[in-house]
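Each chain, letter by letter, is given below.
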Amino acid sequence: MSVGLSAETQAADTFYEALSEGKAKADFRLRYEDVSQDNAVQDASALTFRTRLAYTTADLNGWSASIEMEDNRIVLGQGDYTVGPAAYNLGEYSVIADPEFTEVDVAFVQYKTDKATFKIGRQVIALDNHRFVGHVGWRQDRQTFDAATAIYQPTDKFTAKYSYITQRNRIFGEFADLDAKDHLLNLGYRTSFGTFTGYSYLLEVDNDTDNALDTYGLSFKGATKAKSKSDASFSYMLEYATQSSESAVAKFDADYLFAEFGVSYSGINAKLGYEVLGSDDGVYGFSTPLATLHKFNGWSDQFLGTPAQGLVDTSISVSGKVAGGSWLAAYHDFSADESSDTVDDLGSEINLQYVKPFGGHYTAAIKYATYSGESGRVDADKIWLWLSTKF
């Protein structure tokens, strides 16, 4: 006599397998940061340890789920720094944006087919080069979003992405999260000579006031190899966007332009960049509040908010490999897009970095930024040392 399993039992067994066959991940980073600025507050230093623990179920008929916890702690009492949104040491030190916190960083359910992906819950959203939407992974608290996302890829050449965001989980733990009504639309088409991208980012903070930040843009990015027998290759990118910022009392318009050309030869990579965050008559600067801002306009983070006069950033960078690690050196020259009698030259900055993996599982790095201020901006020096591992 044989006894068959009921549909309920089979479903339970499959669900159990989805859980038991899931993947767990861990990511740890110990980092020292030192900030010295010519301002009225004391120099800052921080030694912090960030832990990230994640689990993703196995696929069950296209369905899966992910959850991630994130925690940051001050180590050995080395917490002489200020984090304004967390009300930590207000007005005492220069800012290091790594408060102590413990939070659910990611928690979403996903359904995936061969051409489409649907995701709802707390998630990472990073679009293109992070200039407009990114995860700010440089900080100990990564930026995520409470959102619903749909990704449609009918061919290997075309991709459409849409997200509706209800909360921006920013880099200050839960101390400065913002309710939102944001719409993100990103369309990409890949060709043999590069990728064309069009986007519409319609942002609104849900705080019972009239506000809107609408950005529309186009970009093209590609790379090619030299036709000669050399190992030289070239990269190129061009991007333009227009933005309107509207509130109950004012409306502003500004443009964005980015152009970059790169060449790689014999293991050395060089890039020349020109970026303009435009101004509206010297009273409003082009804004990218969801960006991974640390990646742009110098690592000293002097321009996390665009000046009202706008910002022109002319940069050159050189990178390569030595002694099993990767090095990078960059120079930025800053000026106002619409200068005034008191604001024109906005200073310059030098960035240096060396990152070396070792032991098969670890990474050690050192990073330095020095900013020379003009037009009333103060000089700043920052240095970072870190050790990380993940498995």
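Going by what an unreviewed UniProt entry lists, the chain is known as Alginate export family protein and is assigned to Brumicola blandensis.

Q: Explain the overall build of the chain here, please?
A: For the chain, the count of helices and strands is one helix and 18 strands. Radius of gyration (C-alpha) of the chain: 23 Å, near the 21 Å computed for a compact globule of 391 residues. Oriented by its inertia axes, the alpha-carbon framework of the chain measures out at about 95 × 60 × 55 Å. Across the 391 residues that make up the chain, the buried fraction comes to 43%. Intrachain contacts of the chain at a sequence separation of at least 6 include 56% that bridge at least 24 residues. In the structure as shown, the chain presents an accessible area of about 20,000 Å², 58% of it carried by carbon and sulfur atoms.

Q: So what exactly am I meant to see when it comes to the nonpolar core here?
A: Formed by 30 residues in total, the largest nonpolar core has its most connected members in Ile 125, Phe 132, Val 133, Ile 165 and Leu 184. Once you skip the residues sitting within four places of it in the chain, Ile 125 turns out to touch Val 133, Gly 134, His 135, Phe 145, Ala 147, Thr 149, Ser 163, Ile 165 and Leu 184. Grouped together as the second largest cluster of nonpolar side chains are 13 residues, Val 35, Ala 86, Ile 171 and Ala 176 included.

Q: Looking at this structure, how should I read a negative patch on the surface?
A: A surface patch of negative charge is lined by Asp 38, Asp 43, Asp 333, Asp 344, Asp 345, Glu 374 and Asp 379. Inspection of the secondary structure puts Asp 379 in the loop between strand S17 (362–372) and strand S18 (380–390).

Q: Explain the layout of surface pockets to me, please; I cannot follow it from the model alone.
A: To locate leftover empty space, one rolls a probe as large as a water molecule over the atoms. Estimates place the volume of the second largest pocket at around 520 Å³. In terms of lining, the second largest pocket is formed by 25 residues, of which the most central are Arg 170, Ile 171, Phe 172, Leu 293 and Leu 304. The leading source of residues in the lining of the second largest pocket is strand S1 (residues 23–37), at three residues. Grouping the amino acids of the lining of the second largest pocket by side-chain chemistry returns 13 nonpolar, six polar and six charged.

Q: Any chance you could explain the packing of aromatic side chains here in plain terms?
A: Pairs of aromatic rings are described using the distance from one ring centre to the other and the angle between the two planes. What the rule picks out here adds up to 22 aromatic pairs. Judged by centre distance (6.0 Å) and plane angle (20°), the rings of Phe 234 and Phe 261 are stacked. Placement of the pair is Phe 234 in strand S11 (residues 233–247) and Phe 261 in strand S12 (residues 251–265), with a sequence separation of 27 residues. Classification of Phe 261 by relative accessible area gives partly exposed; the value is 45%. Through a chain of ring-to-ring contacts, the aromatic side chains of Phe 132, Tyr 199, Tyr 201, Tyr 256 and Phe 286 assemble into a single cluster. Taking NZ or CZ as reference, Lys 119 lies 4.6 Å from the ring centre of Phe 108, over its face. Lying across the ring of Phe 296, Arg 131 places its NZ or CZ 4.5 Å from the centre.

Q: Please clarify how the UniProt feature "domain: Alginate export" (unreviewed entry) in the chain should be interpreted in this entry.
A: Taking the numbering used here, the UniProt-annotated feature "domain: Alginate export" (unreviewed entry) corresponds to residues 27–244. Along residues 27–244 one finds 0% helix and 61% strand; the C-alpha atoms at either end are 39 Å apart.

Q: Looking at this structure, how should I read the environment of Ser 335?
A: Among the secondary structure elements, Ser 335 is positioned in strand S15 (residues 325–335). Using a relative accessible area of 22% as the deciding quantity, one classes Ser 335 as partly exposed.

Q: Help me understand the pattern of salt bridges, please; the structure alone is not making it clear to me.
A: If charged atoms from side chains of opposite charge come close, those side chains can pair. A complete count under the given rule lists 14 salt bridges for this structure. The shortest N-O distance in the salt bridge between Arg 139 and Glu 33 comes to 2.7 Å. Within this pair, whereas Arg 139 is found in the loop between strand S5 (116–123) and strand S6 (144–152), its partner Glu 33 is found in strand S1, the two being separated by 106 residues in sequence. For the residue pair Arg 139 and Glu 33, the accessibility class agrees, reading buried in each case. Bridged by salt links that share partners, the residues Arg 52, Glu 68, Glu 70, Asp 105 and Arg 142 form one connected network.

Q: Just to check I follow, could you spell out a nonpolar patch on the surface for this structure?
A: A cluster of nonpolar residues, Leu 272, Ile 316, Tyr 331, Ile 350, Leu 352 and Tyr 368, forms a patch on the protein surface that exposes about 520 Å² of accessible area. By secondary structure assignment, the location of Leu 352 is in strand S16 (residues 345–358).

Q: Quick question: what am I supposed to make of empty space enclosed by the protein here?
A: Throughout the structure, instances matching the rule amount to one cavity of 30 Å³ or more. Elements represented by at least two residues in the lining of the largest cavity include exactly strand S9 (194–203) and strand S10 (211–225). Among the residues forming the lining of the largest cavity, the class breakdown is eight nonpolar, four polar and no charged.

Q: Could you clarify how one ought to interpret the pairing of strand S14 (residues 311–322) in this entry?
A: When a strand is regular, its side chains alternate between the sheet's two faces. As paired strands, strand S13 (residues 268–277) and S14 are joined by nine bridges and run antiparallel to one another. Bridging across to S14, Lys 271 finds its partner in Ser 317. Taken together, the eleven bridges between S14 and S15 define a ladder with antiparallel strand orientation. Bridge assignment links Ile 316 to a residue of S15, and that residue is Tyr 331. Here S14 folds back onto S15 in antiparallel fashion, the turn holding two residues, of which Ala 323 has a positive phi close to 55°.

Rules and cut-offs
Residues numbered from 1 in each chain as written. Predicted model: local features only at pLDDT ≥ 70, side-chain atom pairs only at ≥ 80, totals over all residues. Heavy atoms only, no water. Helix = DSSP H or I, 4+ residues; strand = E, 2+ residues; numbered from the N terminus. Rg over C-alpha atoms; globule rule 2.2 N^0.38 Å. Buried < 20%, exposed > 50% of the residue type's maximum accessible area, 1.4 Å probe, protein only. Contact = heavy atoms within 4.5 Å. Areas by Shrake-Rupley, 256 points an atom, 1.4 Å probe, with all protein chains shown as cover. Core = buried A, V, L, I, M, F, W, Y, C linked by side-chain atoms within 4.5 Å. Patch = residues over 30% accessible without salt bridge, like charges linked within 9 Å, V, L, I, M, F, W, Y side chains within 5 Å. Salt bridge = Lys/Arg side-chain N within 4 Å of Asp/Glu carboxyl O. Lys, Arg positive; Asp, Glu negative; His and termini not counted. Charge placed at Lys NZ, Arg CZ, Asp CG, Glu CD. 1 Å grid on protein atoms, 1.4 Å probe; cavity = no way out; pocket = protein on both sides within 12 Å on 5 of 7 lines; lining within 4 Å. Points joined across faces, edges and corners; volume = space filled by probe spheres on them. Nonpolar A, V, L, I, M, F, W, Y, C, P; charged D, E, K, R; others polar. Phe/Tyr/Trp six-rings, centres within 6.5 Å; stacked < 30°, edge-to-face > 60°. Lys NZ or Arg CZ within 6 Å of the ring centre and 35° of its normal. UniProt positions renumbered as here; feature names shortened; annotations may be inferred. Pairing = 2+ DSSP bridges.

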